[in-house]
Amino acid sequence: MKQSFIFIGLLASQQVFSHIPDFSAHQTQAVYADLNLLKQARIPVLYADNQTNIGYSVLTPTMLQKLSELSHQHGRCGNFEALSQIPNDINIVKKDLDAVNKQHKKDLSYMSVARNLTVAQNPKIAEALQELKADNIKQTVTWLSSYHSRYNKGANANVHVNDFYEKMKLMTANSSFPVTVDLISHRSTPQKSVRVSIKGSTKPDEYVIFGAHYDSISGWGGTGRAPGADDNASGSASLLEAMRVALTKEQPQRTLEFMWYAGEESGLLGSAEIAEAYKVEKRNVIAVLQLDMTMFPGDGEFKITSITDFTSPWLRDYMKALNTTYLNIEILDDKCGYGCSDHASWNRRGFPAVFPTEAKFNSMFQYIHTDKDVISSVMSFEHSLVFSKIALAMALDLGNSTQREALH
Ligand code: BES
Ligand code: ZN
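Residues numbered from 1 in each chain as written. Chains lettered and ligands numbered in written order. Predicted model: local features only at pLDDT ≥ 70, side-chain atom pairs only at ≥ 80, totals over all residues. Heavy atoms only, no water.

What follows deals with the coordination of the zinc ion (ligand 2). Donor atoms from the polypeptide that coordinate the zinc ion (ligand 2) comprise Asp-231 (OD), Glu-265 (OE), Glu-265 (OE) and His-369 (NE2), at 2.0 to 2.3 Å from the metal. In this structure, the zinc ion (ligand 2) is surrounded by 6 donor atoms whose angles at the metal cover 59 to 157°, and the resulting shape is irregular. For the zinc ion (ligand 2), the donor residues sit on a single chain with the sequence spacing D-x33-E-x103-H. Linking Glu-265 in the loop between β8 (254-261) and α8 (269-280) with His-369 in the loop between β13 (356-357) and α11 (381-398), this pair joins segments that are 104 residues apart in sequence. What makes Glu-265 buried here is its relative accessible area of 14%. Note on His-369: relative accessible area 19%, which makes it buried. (Donors = N, O, S within 2.8 Å, 3.2 Å for Na, K, Ca; no water. Tetrahedral: all angles 85-135°; square planar, octahedral: opposite > 155°, others 65-115°. Helix = DSSP H or I, 4+ residues; strand = E, 2+ residues; numbered from the N terminus. Buried < 20%, exposed > 50% of the residue type's maximum accessible area, 1.4 Å probe, protein only.)

To continue, consider the domain arrangement of the protein. The parts lose accessible area when they come together, and the size of an interface is often stated as this lost area. Looking at the protein, the domain boundaries give domain 1 (2-110) and domain 2 (123-398). With 26 residues of domain 1 at the interface, the matching set in domain 2 holds 31 residues. Counting the surface lost from both domain 1 and domain 2, the interface buries some 2,500 Å², and carbon and sulfur atoms represent 56% of this. Between the two partners, domain 1 and domain 2, sit 2 salt bridges. Taken together, domain 1 and domain 2 are joined by 3 residue pairs in polar contact (both at pLDDT 80 or more). Going through the elements one at a time, β1 (29-34), β4 (81-82) and α3 (90-111) are the ones with two or more residues in the side of domain 1 that touches domain 2. Residues of the side of domain 1 that touches domain 2, tallied by class, amount to 13 nonpolar, 7 polar and 6 charged. (Domains from an automatic or database assignment. Contact = heavy atoms within 4.5 Å. Buried area = accessible area lost by both parts, 1.4 Å probe. Salt bridge = Lys/Arg side-chain N within 4 Å of Asp/Glu carboxyl O. Polar contact = N/O pair within 3.5 Å; in protein donor to acceptor, adjacent residues only side chain to side chain. Nonpolar A, V, L, I, M, F, W, Y, C, P; charged D, E, K, R; others polar.)

A few words on unusual backbone geometry. For the bond from Asp-231 to Asn-232, the omega torsion is 0°, close enough to zero to count as cis. For Asn-232, the position within the fold is in helix α7 (residues 229-246). Backbone geometry places Arg-42, a non-glycine residue, at a positive phi of 55°. Inspection of the secondary structure puts Arg-42 in the loop between α1 (35-40) and β2 (47-49). At Met-293, a residue that is not glycine, the phi angle is positive and equals roughly 75°. Counting through the fold element by element, Met-293 comes out in the loop between β9 (284-290) and β10 (303-307). On the basis of relative accessible area, Met-293 is assigned to the buried category, the value being 7%.

Here is the structure:
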């Protein structure tokens with residue numbers, strides 16, 4: 001079958017599962033969610049993978065409400081992976097969850113062998129990290145959160161994207177090595193993604209990818225004010241600051257790509273299409289870093305979390321090794337329980353991904369997806385800077401290394 005992933009290219013939005021009560025398609029929401037949570041909420045599970053503990057359901061508004069209430073953070077976010085449309089064939093779901101299961105088994109085999117991954121100190125990298133500035137992150141978050149909304153639907157879906165694209169062209173214009181800036185169109189949303197590619201000198205076909213979603217949302221969509229300062233102007237800004245410094249350094253051996261994704265809030269839309277295209281083109285992606293929510297220090301400043309589901313154990317170990325060598329902050333482990341951000345788009349297509357975020361799932365900023373997601377005294381740009389350091393250290397180390405996912 002050509003199509004293995006439901007976020008892309010679905011033919012029908014109409015529900016075809018006869019065992020679901022008859023709700024019109026616009027009232028229902030297809031989701032992948034934590035199986036226990038679905039069972040607890042007594043929501044019919046239409047397909048389950050017991051090893052990864054993920055269930056597929058189509059939610060009515062009542063079920064959606066129940067799931068939100070049961071989830072750790074009341075109504076602050078879905079606690080499920082929202083599919084952009086209802087798949088017209090259960091085999092699509094099966095294929096999707098089989099891919100996640102395959103990845104899960106590979107990860108378990110990595111984790112069954114004790115490893116001691118270390119990264120040697122490079123004084124040039126340590127110096128480069130000192131050039132990152134929290135104030136630059138503040139400026140970018142201030143700018144991005146001043147748009148009424150960065151929602152992926154509607155007449156203004158690309159206003160901020162076009163502005164950002166122009167800024168990227170200016171920023172990269174005087175680079176001493178080949179850099180390309182692209183606006184990427186999507187089939188699943190009118191919003192575009194932005195990609196900056198720094199061409200690798202000796203291994204241009206090996207990619208290290210850094211991403212953040214650039215869109216915002218208010219409630220479950222619509223035209224409301226959606227400043228999305230923490231979710232995810234903050235991750236977008238942390239990424240931009242890392243790229244700014246990377247552009248002033250030597251050309252990396254591997255190709256570095258920085259991506260600002262469209263339509264994450266409507267079901268990981270932009271990243272799904274990009275990851276699918278890279279899979280079809282058989283691109284050699286060494287690693288993918290996702291930054292989503294970086295400026296609320298919910299567990300204390302400089303205490304961050306590494307998301308352990310839908311991510312690569314090798315890359316998580318690698319990130320911790322980078323931390324030991326260059327940052328030495330505390331990195332906690334936690335799960336989302338569902339594919340909560342763009343890392344999941346890459347992971348389910350077999351690419352190693354890692355996702356450091358501001359705090360543990362339950363300590364995250366509570367007002368995302370509302371008009372209260374703004375800059376305030378509870379936010380810390382120094383906390384955001386930690387993520388720029390991780391991204392830059394990864395760019396300069398992994399971009400010039402032979403290291404890759406261990407074969408097992
Ligand atoms: N930034 C959130 C993801 C997130 C929330 C990570 C809380 C960790 C803790 C992201 O933008 C988001 O809102 N994701 C959706 C799911 C997505 C597939 C539509 C969510 O969590 O409901
Ligand atoms: Zn969000």
